[in-house]
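The residues making up each chain are set out below.
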Amino acid sequence: MDETILAIAKNELKHGGPHVHFLAFIFFNLLGILLFHFVFRFLIVILVKITHIKEKTWKSTFRFMPTLVGMLAGSRMAKDFLNVPWFIKELMENHFRSLLLITVTFFIAHLSSSLIKARMTRRESESSSMSILTTVIDLAIYMAGFLIILSSYGISISPLLTALGAGGLASALALQDTLSNLFSGITTIVSRQVHMGDYISLSSGESGRVVDMNWRNTTLRTSTGNMIIVPNKSIAASIITNYEQPQAECTIAIPLTITYGNDLEAVERVTLRVARSILDRSQYGVKGFMPAVRFDKMGEYGITLKVVLRIRNIVDETTIRHQFIKEIIRVYQQEGIELLVRHD
């Protein structure tokens, strides 16, 4: 009885009406999509373990892939299994070819974007993206894929390329400012003098951490959490101080002024002790760094000295200064060391 029902079902699928074939086509596609969602989920887990690349990167690379590959498999199964007229089979073959080209185009675009983000993002913890490069590359790959699809159907792409060339020239003349920002941003990124996550300061006074660079502007996040939007051409024309290169650690000097009545040997000894204590206890200081005390100049009322400390990142400067000043004043008071009182 079961074999008879199965034979009837197979015969209905092969020789049934259009509605049966359409439902079967939809079923095969849904089955393929469901199957490949599990396959790609398992594949991502394996790739994360083998390559040590973040799961987020692989998910971005395979975005839309389970659906597209599932539809490819479902379309191929439907074409081979269903008994449909030749012109329907030809339509299904064209559908399969177009879907294959779309799948390859999306995969190459996503793979390129993921590689660029991995290469250009300075720290893996940064969630920002180099949207300018990824957008330009994605558009170029999508355009190439679209032209290949047209060519596969026998459509001449020469007139289209000619029209794009003429239109591109007209657009370049009309959008000079926009294109200037675009190419300035690409030049800045390709030169690799500024990475995502770098803390930079411009000669015009703006400073902050780079969180995005799109086709028009660069976004900086200040230490207070505000956003500064700077046109890309201003970035390219500005003198930039990058506090993250060649490394994020940097040295700062904290000035102090003491009166002439102090014992300089005692001042140096006590100050170094406090400096070492701060660097060892603070999460912002570089442990193991040997601080220094340098007597700078003799003024009318006192002697100026500078305490040299090393911190993990420039954004930590205000915190380490705060901690050091609180501690040095407390210890100076205990040791009887007099700081200069301002004379108006």
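For every chain, the first residue of the written sequence is number 1, and numbering continues from 1 along that sequence. Two thresholds apply to this predicted model, a pLDDT of at least 70 for residue-level local features and 80 or more for giving and counting side-chain atom pairs, whereas whole-chain, interface and lining totals are computed over all residues. Here the side-chain values reflect all heavy atoms present in the structure, with hydrogen atoms and water set aside.

Chemist: Is there a simple way to explain the sheet that holds strand S6 (residues 250-259) in this structure?
Modeler: Strands belonging to one sheet form pairs held by backbone hydrogen bonds; the direction of such a pair is parallel or antiparallel. Here, strands pair whenever DSSP counts at least two bridges between them. Only runs of H or I of at least four residues qualify as helices and only runs of E of at least two qualify as strands under DSSP, and these elements are numbered from the N terminus. Read across the sheet, 3 strands follow the order S6-S8-S7 without closing on themselves; strand pairing throughout is antiparallel. At either margin of the open sheet sits one strand with a lone partner, and together these are S6 and strand S7 (292-298). This sheet shows a mean twist of 25 degrees between the axes of neighbouring strands, independent of strand direction. Sheet topology note: the S6/strand S8 (residues 302-311) ladder contains 10 bridges and is antiparallel. Axis definition: a line fit to C-alpha positions, over the contact stretch in the case of helices; interaxial angles, taken between N-to-C directions, run 0 to 180 degrees.

Chemist: I keep staring at the packing of helix H10 (residues 264-281) against helix H11 (residues 317-335) and nothing clicks. Help me out?
Modeler: How two helices sit against one another is set out by the angle between their axes and by the gap between those axes. It is the contact of H10 with H11, at a shortest axis distance of 10 Å, that shows an interaxial angle of 140 degrees. One finds that H10 runs oblique with respect to H11. With respect to the hand of their crossing, H10 and H11 are arranged in right-handed fashion. Every residue of H11 that contacts H10 at Val-267, Val-270, Thr-271, Arg-273, Val-274, Ala-275, Ile-278 and Arg-281 is listed here: Ile-320, Gln-323, Phe-324, Glu-327, Ile-328, Val-331, Tyr-332 and Glu-335. Split into classes, the residues belonging to the contact of H10 with H11 amount to 10 nonpolar, 2 polar and 4 charged. Comment on the angle field: the value is read as roughly parallel under 35 degrees, roughly antiparallel over 145, roughly perpendicular from 65 to 115, and oblique elsewhere. Note on convention: near helix rotated counterclockwise from far helix by under a right angle means a left-handed crossing. Clockwise means right-handed. It only takes one pair of heavy atoms within 4.5 Å for two residues to be counted as in contact. Three classes are used: nonpolar for Ala, Val, Leu, Ile, Met, Phe, Trp, Tyr, Cys and Pro, charged for Asp, Glu, Lys and Arg, and polar for all others, with Gly counted as polar.

Chemist: Hey, could you run me through the pattern of salt bridges in this one?
Modeler: A side chain with one charge may pair with a side chain of the opposite charge, provided their charged atoms come close. The working definition used for a salt bridge is a side-chain nitrogen of Lys or Arg within 4 Å of a carboxyl oxygen of Asp or Glu. Under the criterion given, the structure shown has 4 salt bridges. Glu-249 is paired through a salt bridge with Arg-310; the nearest N and O atoms lie 3.4 Å apart. A residue pair is termed long-range when its members are at least 10 positions apart, and Glu-249 in the loop between strand S5 (240-242) and S6 and Arg-310 in strand S8 qualify at 61 residues. Under the scheme applied here, a residue whose accessible area is under 20% of the maximum for its type counts as buried, over 50% as exposed, and between as partly exposed, the area being computed with a 1.4 Å probe on protein chains only. Taking the relative accessible area as the measure of exposure, Glu-249 reaches 30% and is therefore partly exposed. Taking relative accessible area as the criterion, Arg-310 reaches 16% and is therefore assigned buried. The salt bridge partner of Glu-335 is Arg-273, with a shortest N-O separation of 3.6 Å. Taken as a pair, Glu-335 in helix H11 and Arg-273 in helix H10 lie far apart in primary sequence, 62 residues in all.

Chemist: Looking at this structure, how should I read a nonpolar patch on the surface?
Modeler: Only residues whose relative accessible area exceeds 30% and that form no salt bridge enter a patch; like-charged residues are grouped when within 9 Å of one another, and nonpolar side chains (Val, Leu, Ile, Met, Phe, Trp, Tyr) when within 5 Å. Here the accessible surface of atoms and residues is derived via Shrake-Rupley with a 1.4 Å probe, and residues count as covered only by protein chains that are part of the display. There is a patch of nonpolar side chains on the surface, built from Phe-22, Leu-23, Ile-26 and Leu-30 and spanning about 420 Å² of accessible area. Its place among the elements puts Leu-30 in helix H2 (residues 18-51). Judged by its relative accessible area of 55%, Leu-30 falls in the exposed class.

Chemist: Is there a simple way to think about the packing of aromatic side chains in this case?
Modeler: Here a pair means two rings of Phe, Tyr or Trp (six-membered ring of Trp) with centres within 6.5 Å. Their orientation is stacked below 30 degrees between planes, edge-to-face above 60, and tilted elsewhere. Going through the model one piece at a time under the given rule, you end up with 3 aromatic pairs. By way of ring pairs, the aromatic residues Phe-36, Phe-40 and Phe-62 are connected into one cluster.

Chemist: I keep staring at the environment of His-37 and nothing clicks. Help me out?
Modeler: Looking at the element boundaries, His-37 is found in helix H2. Placed 32 residues apart in sequence, His-37 and Val-69 show a C-alpha to C-alpha distance of 9.3 Å. His-37 has contacts with Pro-66 and Thr-67, leaving out every residue within four places of it along the chain.

Chemist: So what exactly am I meant to see when it comes to the side chain of Thr-218 here?
Modeler: As for its position among the elements, Thr-218 is in strand S3 (residues 217-221). A relative accessible area of 1% places Thr-218 in the buried class. Under the rule applied, a polar contact is a pair of N or O atoms within 3.5 Å (in protein, one hydrogen donor and one hydrogen acceptor; residues adjacent in sequence only if both atoms are side-chain atoms). Among the polar contacts made by the side chain of Thr-218, one reaches the side chain of Asn-232 at a distance of 2.8 Å. Contacts of Thr-218, omitting those with residues within four sequence positions, involve Val-210, Asp-212, Met-213, Ile-228, Ile-229, Val-230, Asn-232 and Ile-235.

Chemist: Which parts of the structure should I look at to understand the pairing of strand S2 (residues 207-213)?
Modeler: On any regular strand, side chains alternate: one points to one face of the sheet, the next to the other face. Of all 7 residues that make up S2, 6 are buried, and the element is covered over most of its length. Alignment of strand S1 (residues 199-202) against S2, held across 3 bridges, turns out to be antiparallel. Bridge pairing in S2 places Ser-201 opposite Ser-207. Once S1 ends, the chain turns through 4 residues before running back antiparallel as S2, passing Gly-205 with a positive phi of about 110 degrees. Linking S2 back to S3 in an antiparallel pair, the connection comprises 3 residues.

Chemist: Would you take a moment to explain the nonpolar core for this structure?
Modeler: One recurring pattern in soluble globular proteins is that nonpolar side chains are buried together. Counting 26 residues, the largest nonpolar core has Leu-256, Ile-258, Leu-305, Val-307, Leu-309, Phe-324 and Tyr-332 as the members making the most contacts within it. Mapped by element, the contributors of at least two residues to this core are S6, H10, S8 and H11. Per-element tally for this core: the top contributor is H10, with 7 residues. Setting aside residues up to four positions removed in sequence, Leu-256 forms contacts with Ile-303, Thr-304, Leu-305, Val-307, Phe-324, Ile-328 and Tyr-332. In this text, buried Ala, Val, Leu, Ile, Met, Phe, Trp, Tyr and Cys residues form a nonpolar core when linked through side-chain atoms within 4.5 Å.

Chemist: For this particular structure, what's the right way to read the side chain of Asp-198?
Modeler: If you trace the backbone, Asp-198 turns up in the loop between helix H8 (176-191) and S1. For Asp-198, the side chain forms a polar contact with the side chain of Asn-242, separated by 2.9 Å.

Chemist: What's the story with the sheet that holds S2 in this structure? I'm lost.
Modeler: Within the open sheet, the 5 strands sit side by side as S4-S3-S2-S1-S5. Their pairing is antiparallel. Of all strands in the sheet, those bounded by a partner on one side alone are strand S4 (227-231) and S5. When strand polarity is set aside, the average angle formed by the axes of neighbouring strands in this sheet is 40 degrees. Sheet analysis places S3 next to S4, joined by 5 bridges and oriented antiparallel. Bridge assignment links Thr-219 to a residue of S4, and that residue is Ile-229.

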